[in-house]
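# Understanding the architecture of this molecule
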Amino acid sequence: MRDPTRPLKYSAPISSQQQQALKLHSVLISSQRKLAVINGKTVRENQWVDGARVVSILPGKVLLSVRGRQQELRLKAKVRN
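Because the structure is predicted, anything quoted here is derived from the model rather than measured.

This part is about the overall build of the chain. A count of helices and strands for the chain gives one helix and seven strands. Start at the N end of the chain and walk to the C end: the helices and strands fall as α-β-β-β-β-β-β-β. Residues counted as buried form 25% of the 81 residues belonging to the chain. If you sum the accessible surface of the chain, you get close to 6,300 Å²; carbon and sulfur atoms cover 49% of it.

Here we take up the sheet that holds strand β3 (residues 41-43). Reading across the sheet, the three strands line up as β1-β2-β3 and stay open at both edges, with antiparallel pairing between neighbours. Of all the strands in the sheet, just β1 (24-29) and β3 have a single pairing partner and so form its edges. When strand polarity is set aside, the average angle formed by the axes of neighbouring strands in this sheet is 20 degrees. Relative to strand β2 (residues 34-38), β1 runs antiparallel, the two sharing five bridges. Opposite S26, over in β2, you have V37 as the bridge partner.

Another point: the nonpolar core. Residues L22, A36, I38, V54, V62 and L64 are the most contacted members of the largest nonpolar core, which totals 13 residues. Those elements giving two or more residues to this core turn out to be β2, β5 (52-58) and β6 (61-66). Beyond its immediate stretch of four places on either side in the chain, V62 contacts L24, V27, A36, I38, V54, S56, I57, Q71, E72 and L73.

Conventions and cut-offs
Residues numbered from 1 in each chain as written. Predicted model: local features only at pLDDT ≥ 70, side-chain atom pairs only at ≥ 80, totals over all residues. Heavy atoms only, no water. Helix = DSSP H or I, 4+ residues; strand = E, 2+ residues; numbered from the N terminus. Buried < 20%, exposed > 50% of the residue type's maximum accessible area, 1.4 Å probe, protein only. Areas by Shrake-Rupley, 256 points an atom, 1.4 Å probe, with all protein chains shown as cover. Pairing = 2+ DSSP bridges. Axes fitted to C-alpha atoms, helices over the stretch in contact; angles between N-to-C directions. Core = buried A, V, L, I, M, F, W, Y, C linked by side-chain atoms within 4.5 Å. Contact = heavy atoms within 4.5 Å.

What follows is the structure, encoded as structure tokens:
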């Protein structure tokens, strides 16, 4: 049950442990599809992974929405185009 005293647009702060829990392993972008591997799971844009919605898949990074807040995951290695 939702707390009636909590504002409707409220979202709890993201802990540093939650932020570190999401890890981008790879990105695949072609003319036909965009895929990312996050925490070992292959996802597309607008899919969910471990409580986060994949907003956009870009070369070397993925933009997520976590509890209404934007988060960016980046690949550790250099990306070649």
